Amino acid sequence: DQQVKQNSPSLSVQEGRISILNCDYTNSMFDYFLWYKKYPAEGPTFLISISSIKDKNEDGRFTVFLNKSAKHLSLHIVPSQPGDSAVYFCAAIEYGNKLVFGAGTILRVKS
Amino acid sequence: IAGITQAPTSQILAAGRRMTLRCTQDMRHNAMYWYRQDLGLGLRLIHYSNTAGTTGKGEVPDGYSVSRANTDDFPLTLASAVPSQTSVYFCASSERGTASPLHFGNGTRLTVT
């Protein structure tokens, strides 16, 4: 049973608009969350993270929101650019344990 | 450029054969990891090493073994490959275990026939 779920396999967005990628988790002991971005034929790269003591973290065009009561986090990309087209993985950590990844969401930004 | 080097880039392997996937990092990171990526399942941890000389099992360790003789190298061995091990394999490292983000290699695409 997957502890980290990305229920949307893919998302298509127009250039300049907002992209919202969602992630749900089941383990209430997760205390740190990360988003990784992956281009074809490359390894994932770290994008942004958030601690469970926060509900928002922002880095340029990327913002991650955490709703602990709903066990839900989301990644907002504003404005979306064609270069943002990639697979986005949500991941979570329980202190001292290993990363648990979601299945990924393919984002396509159309120009 | 500092980072993680994986070899080979891709490989087709007959079932029952032995195969070692190589991984080398030049960032002097203590922790290293092996993941497999499968469609619909994301990245799953196979084995990890918190420091040279130690290894541990991840979520899907069966059929795989690792060693960590030094800081830089973390090879993954399939003793007798099976078709279900067809996957893309990623090696990763981190400076301070899960307290710091992982740096990934570009992966090895393995097909077991």
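Rules and cut-offs
Residues numbered from 1 in each chain as written. Chains lettered and ligands numbered in written order. Predicted model: local features only at pLDDT ≥ 70, side-chain atom pairs only at ≥ 80, totals over all residues. Heavy atoms only, no water. Helix = DSSP H or I, 4+ residues; strand = E, 2+ residues; numbered from the N terminus. Rg over C-alpha atoms; globule rule 2.2 N^0.38 Å. Buried < 20%, exposed > 50% of the residue type's maximum accessible area, 1.4 Å probe, protein only. Contact = heavy atoms within 4.5 Å. Areas by Shrake-Rupley, 256 points an atom, 1.4 Å probe, with all protein chains shown as cover. Lys, Arg positive; Asp, Glu negative; His and termini not counted. Charge placed at Lys NZ, Arg CZ, Asp CG, Glu CD. Salt bridge = Lys/Arg side-chain N within 4 Å of Asp/Glu carboxyl O. Buried area = accessible area lost by both parts, 1.4 Å probe. Polar contact = N/O pair within 3.5 Å; in protein donor to acceptor, adjacent residues only side chain to side chain. Pairing = 2+ DSSP bridges. Patch = residues over 30% accessible without salt bridge, like charges linked within 9 Å, V, L, I, M, F, W, Y side chains within 5 Å. Axes fitted to C-alpha atoms, helices over the stretch in contact; angles between N-to-C directions.

Student: A description of the overall build of chain A should follow, citing residues and the corresponding values.
Tutor: When helices and strands are tallied, chain A shows zero helices and 11 strands. Counted from the first residue to the last, chain A has its helices and strands arranged as β-β-β-β-β-β-β-β-β-β-β. For chain A, the C-alpha radius of gyration of 13 Å lies close to 13 Å, the compact-globule estimate for 111 residues. Dimensions of chain A along its principal axes, counting C-alpha atoms only, are 40 × 25 × 20 Å. Looking at chain A residue by residue over its 111 residues, the buried ones come to 43%. In chain A, of all internal contacts separated by at least 6 residues, the share reaching a separation of at least 24 is 54%. Here chain A has roughly 5,400 Å² of accessible surface; of this, 49% comes from carbon and sulfur atoms. The average position of the 12 basic charges and that of the 10 acidic charges among the side chains of chain A differ by 3 Å.

Student: Tell me about the pattern of salt bridges, and please be specific about residues and values.
Tutor: Throughout the structure, instances matching the rule amount to six salt bridges over all chains. Between D38 of chain B and R36 of chain B there is a salt bridge, with its nearest N and O atoms 2.8 Å apart. Residue class for R36 of chain B comes out buried when judged on its relative accessible area of 8%. When salt bridges that share partners are traced, they join K37, R61 and D84 of chain A into one network.

Student: Talk me through the interface of chain B and chain A; I want residue IDs and the actual numbers.
Tutor: Each side of the interface is counted separately: chain B has 17 residues, and chain A has 16 residues. With both sides pooled, the region where chain B packs onto chain A buries about 1,400 Å², and carbon together with sulfur makes up 65% of that total. At the boundary of chain B and chain A, one finds zero salt bridges. The tally of links between chain B and chain A comes to three residue pairs in polar contact (both at pLDDT 80 or more). Where the side of chain B that touches chain A is concerned, the elements lending two or more residues are strand 4 (31–38), strand 5 (42–49) and strand 9 (87–98) of chain B.

Student: Which residues make up the sheet that holds strand 3 (residues 19–25) of chain A, and what values do they have?
Tutor: Residues and elements named next belong to chain A. Read from one edge of the open sheet, five strands run 1-3-8-7-6, paired in antiparallel fashion. Single-partner strands in this sheet number two, and they are strand 1 (4–5) and strand 6 (56–59). Alignment of strand 6 against strand 7 (residues 62–67), held across four bridges, turns out to be antiparallel. Across the sheet, residue N57 finds its bridge partner in strand 7, namely V64.

Student: A description of the side chain of S49 of chain A should follow, citing residues and the corresponding values.
Tutor: All names here are of chain A. Tracing the chain through its elements places S49 in strand 5 (residues 45–51). Looking at S49, the relative accessible area reads 12%, which means it is buried. Those residues within four positions of S49 in sequence are excluded, and the remaining contacts are Y32, F33, L34, N57 and V64.

Student: Give a detailed account of a nonpolar patch on the surface, specifying residues and quantitative values.
Tutor: Judged by side-chain polarity, I18, I20 and V78 of chain A come together as a nonpolar surface patch covering roughly 220 Å² of accessible area. Since its relative accessible area comes to 36%, I20 of chain A is described here as partly exposed.

Student: I'd love a proper account of the sheet that holds strand 8 (residues 76–78) of chain B, names of residues and values included.
Tutor: All names here are of chain B. Across the sheet, four strands lie side by side as 1-3-8-7; this open sheet has antiparallel pairing. The open sheet terminates on both sides in strands that have one partner only, identified here as strand 1 (4–7) and strand 7 (64–66). Each neighbouring strand pair of the sheet contributes to a mean axis angle of 20°, computed without reference to strand direction. Pairing between strand 7 and strand 8: three bridges, direction antiparallel. By the bridge assignment, Y64 is partnered in strand 8 with L78.

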